[in-house]
Amino acid sequence: MQRFSISLMGALLGISLVTGPVEAGGTKVATTRTERCSNLSRQIDEALETHPAATQVAAAKALQRRGNRLCAKKKEAQGIRTLANALKLLGVTPIDPDAVPPKADLRSKEKKP
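Residues numbered from 1 in each chain as written. Predicted model: local features only at pLDDT ≥ 70, side-chain atom pairs only at ≥ 80, totals over all residues. Heavy atoms only, no water.

1. Regarding the environment of Ala-86
What counts, and what does not: The numbering of helices and of strands both runs from the N terminus, where a helix is a DSSP run of H or I of at least 4 residues and a strand a run of E of at least 2. Note on classification: 1.4 Å probe, protein chains only; a residue is buried when its accessible area is under 20% of the maximum for its type, exposed when over 50%, partly exposed between these limits. Note on definitions: a residue-residue contact is assigned when non-hydrogen atoms from the two residues lie within 4.5 Å.
Within the element layout of this structure, Ala-86 appears in helix α4 (residues 76–89). Under the relative-accessibility criterion, Ala-86 is labelled buried at 0%. Distance in space between the C-alpha atoms of Ala-86 and Leu-40 is 9.3 Å, their sequence separation being 46 residues. Those residues in contact with Ala-86 that lie beyond four places of it in its chain are Ile-44, Ala-60, Leu-63 and Gln-64.

Structure, rendered in structure tokens:
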């Protein structure tokens, strides 16, 4: 019986490792570079729809194509930078889902009695 429970625990551990990280207790799982590439490319598409008269549309589209090619070739860091530059040409700030909001000032304004 004990061998069965140990092998069952091992199987469950293996399954949990295969399925990947899970959000625990409200903790946010970091976005992968591939997901970041997709998110930025989608953000460019949305920006092109909302800013069709931007002066740098052709250049932004060219950068988007180049960034997507880099991401597809497993050069995600270069692709992310290129896609972010395309957004900047359109006057849009790239959204970073993993950005940590600034911490509150630890020195509270409350005075100790």
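More follows now that the structure is in view.
2. Remarks on α4
Keep this limit in mind: An expected span of 1.5 Å times one less than the residue number is assigned to each helix.
The terminal C-alpha atoms of α4 lie 20 Å apart, and with 14 residues this matches the ideal 20 Å at 1.5 Å per residue to within 8%. Burial in α4 covers these residues: Glu-76, Gly-79, Ile-80, Thr-82, Leu-83, Ala-84, Ala-86 and Leu-87. Where the residues of α4 are buried, they touch α2 (33–50) and α3 (57–72). Just downstream of α4 lies Gly-91, where phi reads positive at about 80°.

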